[in-house]
Amino acid sequence: MISVRVLIRPKEGILDAQGKAVESALPALGFDGIEHVRVGRVVELRAEDDRSLEELCEKLLANPLIEDYEIEIL
Amino acid sequence: MIWGVLQFPGSCDERDALHACTVATAGLGADGGTGASARTRLVWHEETDLSGFDGIVVPGGFSYGDYLRVGAIARFAPAMAAVARFAADGGPVLGICNGFQVLCESGLLPGALLTNESTRFICRPGELIVGASDSPWLSELEPGERISIPFKHQSGRFFAPPEMLEEIEANGQVAFRYAEGQNPNGSLNDIAGVTNRAGNVLGLMPHPEHAVDPLGGTTDGLKIFRGPAGPAGVREAAGATGG
């Protein structure tokens, strides 16, 4: 079995509402000078091999219209 | 007209949708409204046979908890494969809110729905302008008509990549836009609802099923639910034996 980590992010250029909300909260907490916050998600899984990982990402884990993904074999 | 209203774990608007179908169909049955519509019912997400229905509603809610991404998991429900077949055969399919998100994830409709620009859940009355789509769902509406349909969602920001958006517009697939100044979520081109190329599948974020009773302030939702039956629906319903 291999351990896999998939990182899914909103595509560049698409307004990331969650990232914007986090970013706008930072100054109130005293964190200055931080910008371009983007919020994605991480999916960790174990698989027998890496053959179907691309398909898994395209079909379920990410929506290719709005999200980019990176597959990392750990 | 016999309606099937899908029900996923986490659906929450399916009973309002069922009520809307029943109210909309009243008066269209062979026996004055109680006949065919009595077979209108909820369809559990594990069902795979939709052959007895004349129209399908994919309702609002939070199917499968909306885990991973709104509508992402519901897409793989056995009933959704049946909906895809039903739609391919030209059957009328209506996706409302979460149902719209599910239809987009399924590829039955173009585009995707993102978190509202404000990140807030919105719930208030609102107005839509009817598009010029050639769709059975719009048969009781005029292009440019202004209708009142409640807005109630957190992930309703319609998005499509530039080429897809151009195509949607060029093909006349924009069924509804938010009225001027009322875009509640940052949707591109103020798009509130789109159809597929053929027009038989419609998805929209606002909730026509909550707009069927005068007590709710508007009954404009009925115009959408009555669309597929239309004037011809009376004849069809009269001749239908169901199945």
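**Describing the overall build of chain B**
And step 1. Along its length, chain B carries 6 helices and 13 strands.
And step 2. In terms of overall dimensions, chain B is globule-like: its C-alpha atoms have a radius of gyration of 16 Å, near the 18 Å expected for 243 residues.
And step 3. When the backbone C-alpha atoms are referred to their principal axes, chain B occupies close to 50 × 35 × 35 Å.
And step 4. Taking all 243 residues of chain B together, 58% fall into the buried category.
And step 5. Across chain B, the fraction of contacts at a sequence separation of at least 24, relative to all contacts at a separation of at least 6, is 75%.

**Here we look at the sheet that holds strand E13 (residues 201-204) of chain B**
All names here are of chain B.
And step 1. Pairing in this open sheet of 9 strands is mixed, and the strands run E2-E1-E3-E4-E13-E12-E11-E7-E8 from one edge to the other. Of all the strands in the sheet, just strand E2 (41-44) and strand E8 (146-148) have a single pairing partner and so form its edges. For this sheet the average axis-to-axis angle between neighbouring strands, irrespective of direction, equals 25°.
And step 2. One ladder, built from 3 bridges, connects strand E3 (residues 55-58) with strand E4 (residues 93-96); its direction is parallel. Bridging across to E4, Val58 finds its partner in Gly95.
And step 3. Here helix H1 (residues 14-25) sits on the sheet and contacts strand E1 (3-7), E2, E3 and E4; the angle it forms with E1, its principal contact strand, is near 175°.

**Concerning the sheet that holds strand E1 (residues 2-10) of chain A**
Residue and element names in this part refer to chain A.
And step 1. In spatial order, the strands read E2-E1-E3; together these 3 strands make up an open sheet with antiparallel pairing. Single-partner strands in this sheet number two, and they are strand E2 (41-47) and strand E3 (67-73). Neighbouring strand axes in the sheet, compared pairwise and without regard to direction, differ in orientation by 20° on average.

**Quick word on helix H2 (residues 78-88) of chain B**
Residue and element names in this part refer to chain B.
And step 1. Burial in H2 covers these residues: Ala79, Met80, Ala82, Val83, Phe86 and Ala87. Buried positions in H2, seen along its axis, are confined to an arc of 155° and lie on one side of it.
And step 2. Lining the buried residues of H2 we find E1, E2, E3, E4, helix H3 (98-106) and E13.
And step 3. Downstream of H2 by one or two residues, Gly90 has phi in the positive range, about 95°.

**Focus: unusual backbone geometry**
Residue and element names in this part refer to chain A.
And step 1. In this structure, His36 is a non-glycine residue whose phi angle is positive, near 55°.
And step 2. Position of His36 among the secondary structure elements: in the loop between helix H1 (17-25) and E2.
And step 3. Judged by local crowding, His36 falls into the exposed class, with 7 C-beta atoms found within 10 Å.

**Overview of the nonpolar core**
A general trend in soluble globular proteins is that nonpolar side chains are found buried together.
Residues and elements named next belong to chain B.
And step 1. Core analysis: the largest hydrophobic core is formed by 69 residues, its most contacted members being Cys21, Ile56, Val57 and Val83.
And step 2. The element best represented in this core is H2, accounting for 6 residues.
And step 3. What Val57 contacts, discounting residues up to four positions off in sequence, is Trp3, Val5, Leu6, Ala17, Cys21, Leu94, Ile96 and Gly99.

So, how was this worked out
- Residues numbered from 1 in each chain as written.
- Chains lettered and ligands numbered in written order.
- Predicted model: local features only at pLDDT ≥ 70, side-chain atom pairs only at ≥ 80, totals over all residues.
- Helix = DSSP H or I, 4+ residues; strand = E, 2+ residues; numbered from the N terminus.
- Rg over C-alpha atoms; globule rule 2.2 N^0.38 Å.
- Buried ≥ 20, exposed ≤ 12 C-beta atoms within 10 Å, placed from the backbone.
- Contact = placed C-beta atoms within 7 Å.
- Pairing = 2+ DSSP bridges.
- Axes fitted to C-alpha atoms, helices over the stretch in contact; angles between N-to-C directions.
- Arc of directions from axis to C-beta.
- Core = buried A, V, L, I, M, F, W, Y, C linked by C-beta atoms within 7 Å.

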